[in-house]
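Structural overview
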Amino acid sequence: MSLSRRNFIRQSGLAVTFTVAGRTLLLTPREAYAREMPFSVLDRAEVETLEAICDHLLPGAGENGVAHFVDHQLPLDPDDSLLFIKWFNVQPPYVDFYRPALAEISRACETVYGKSITDLDPSGAAALIESLRDGNVPGWNGPPPPLVYHALRNDAVDVVYGTMEGFADLGIPYLAHIEPPRAW
C-alpha cells in the first residue's frame, strides 16, 4: 500500500484543511499559522488567549499552530477529534469547554494581574499556570481549572512534539508503525 505524505498527514489528524479561492489546501497547524489562515470557530480574542496560555505552558506552541489545531478539531465529530479533552469524559461539543475556559483565563488575568494574558511577564504567567493546575484561580466560573490546565497543556504538547521533528527535538526515535515517506 502506497501512502503519500498528503494521505499520511490527513490520516494522522495533524492536517488542517482550508478552502481558498475555490482550492482546498492541506496544511500542518504550523503551516496554517505561518500563512495566517482564517479561523472557523474561535474568534480573535479566543485565539490570542489560547496561543498565549499555550506558549506559557510550552514555549513555541503558538507558532506551531496550537490555535489552528484546536480550531480545526472543534467542529469535528467527537469520535474523530484529537483534542485531549475527549479523554476526560467532557460532553461534546468541545467548544462549550474551550470558550468558557478561555474567557475565564482572560478574566482572571485582567482581575488578578491587571493585564491581558498576552502582556503577562514570566512570573505572572507561572503564577497563573500554578493557580490553574492547583485549582486556585480567584473568582473562577468555568470548567474546573485543573482540567483546563491539563487539556491545554496536552494540546500544546501534541502540536509541538507530536511530529517527527518534535520527536527529534526530544532526542527520541520516531518509531511509527507506518513511517511517512518523508518528514512532515
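Preceding this paragraph is the structure being described.
About the cut-offs
Residues numbered from 1 in each chain as written. Predicted model: local features only at pLDDT ≥ 70, side-chain atom pairs only at ≥ 80, totals over all residues. Heavy atoms only, no water. Salt bridge = Lys/Arg side-chain N within 4 Å of Asp/Glu carboxyl O. Helix = DSSP H or I, 4+ residues; strand = E, 2+ residues; numbered from the N terminus. Expected span 1.5 Å × (residues − 1). Buried < 20%, exposed > 50% of the residue type's maximum accessible area, 1.4 Å probe, protein only. Contact = heavy atoms within 4.5 Å. Polar contact = N/O pair within 3.5 Å; in protein donor to acceptor, adjacent residues only side chain to side chain. Core = buried A, V, L, I, M, F, W, Y, C linked by side-chain atoms within 4.5 Å. Lys, Arg positive; Asp, Glu negative; His and termini not counted. Axes fitted to C-alpha atoms, helices over the stretch in contact; angles between N-to-C directions. Nonpolar A, V, L, I, M, F, W, Y, C, P; charged D, E, K, R; others polar. Parallel < 35°, antiparallel > 145°, perpendicular 65-115°, else oblique. Arc of directions from axis to C-beta.

Below, the discussion takes up the pattern of salt bridges. Where charged atoms from two side chains of opposite charge come close, those side chains can pair. Inspection of every chain in the model, using the stated rule, returns 3 salt bridges. The salt bridge involving Arg107 is made with Glu104; its shortest N-O contact spans 3.0 Å. Of the two residues, Arg107 and Glu104 are both situated in helix H5 (residues 95-113); the distance of 3 residues between them amounts to about one turn of the helix.

Right, let's talk about helix H3 (residues 44-57) for a bit. With 14 residues, H3 extends 20 Å between its outermost C-alpha atoms, agreeing within 8% with the 20 Å of an ideal straight helix rising 1.5 Å per residue. Looking at H3, one finds that the buried residues are Glu46, Val47, Thr49, Leu50, Glu51, Ala52, Ile53, Cys54 and Leu57. Here the buried face of H3 lies against helix H2 (29-34), helix H4 (66-73), H5, helix H6 (122-134) and helix H7 (145-161). Its side-chain oxygen placed 3.1 Å from the backbone nitrogen of Ala45, Asp43 serves as the N-cap of H3.

Before going further, it helps to spend a moment on the nonpolar core. Core analysis: the biggest nonpolar cluster contains 42 residues, and Ile53, Val70, Ile85, Tyr98, Ile105 and Leu152 have the highest contact counts within it. Looking at this core, the elements that each hand over two or more residues are H3, H4, H5, H6 and H7. Non-local contacts of Ile53, meaning those with residues more than four positions away in its chain, are made with Ile105, Ile117, Leu128, Ile129, Leu132 and Leu152.

This part covers the side chain of Glu51. Checked against the element boundaries, Glu51 lands in helix H3. In this structure Glu51 is buried but unpaired, with Arg44 as the nearest side chain of opposite charge at 4.8 Å.

Moving on, we get to the packing of H6 against H7. For the pair H6 and H7, the least separation of the axes is 5 Å and the interaxial angle reads 115°. Contacts from Ile129, Ser131, Leu132, Arg133 and Asp134 of H6 reach H7 at Pro145, Pro146 and Tyr149. Residue composition of the contact of H6 with H7, grouped by class: 5 nonpolar, 1 polar and 2 charged.

In this section: the packing of H3 against H7. Two elements in contact, H3 and H7, have axes whose closest approach is 9 Å; the angle formed by their N-to-C orientations is 80°. When the axes of H3 and H7 are compared, the pair comes out roughly perpendicular. Of the residues in H7, those touching H3 at Leu50, Ile53, Cys54 and Leu57 are Tyr149, Leu152, Arg153 and Ala156. Counted by class, the contact of H3 with H7 contains 7 nonpolar, no polar and 1 charged residues.

A few words now on H6. Given a rise of 1.5 Å per residue, 13 residues ought to cover 18 Å, and the 18 Å separating the end C-alpha atoms of H6 matches this to within 8%. Listed as buried for H6 are Gly124, Ala125, Leu128, Ile129, Ser131 and Leu132. Buried residues of H6, seen end-on, are gathered within an arc of 160° and therefore sit on one face of the element. Exposed residues lying more than 90 degrees from the buried face of H6 are Pro122 and Ser123. The elements touched by buried residues of H6 are H3, H5 and H7. Phi for Gly135, located one or two positions after H6, is positive at around 75°.

Quick look at the environment of Glu130 now. Structurally, the position occupied by Glu130 is in helix H6. Assessed through its relative accessible area of 43%, Glu130 is described here as partly exposed. For the pair formed by Glu130 and Tyr149, sequence separation is 19 residues and the distance between their alpha carbons is 9.0 Å.

Mapped onto the elements, Glu46 comes out in helix H3. With relative accessibility at 10%, the residue Glu46 sits in the buried group. Within polar-contact distance, the side chain of Glu46 engages the side chain of Arg99 at 2.7 Å. Excluding residues within four positions of it along the chain, Glu46 makes contact with Val41, Arg99 and Leu102.

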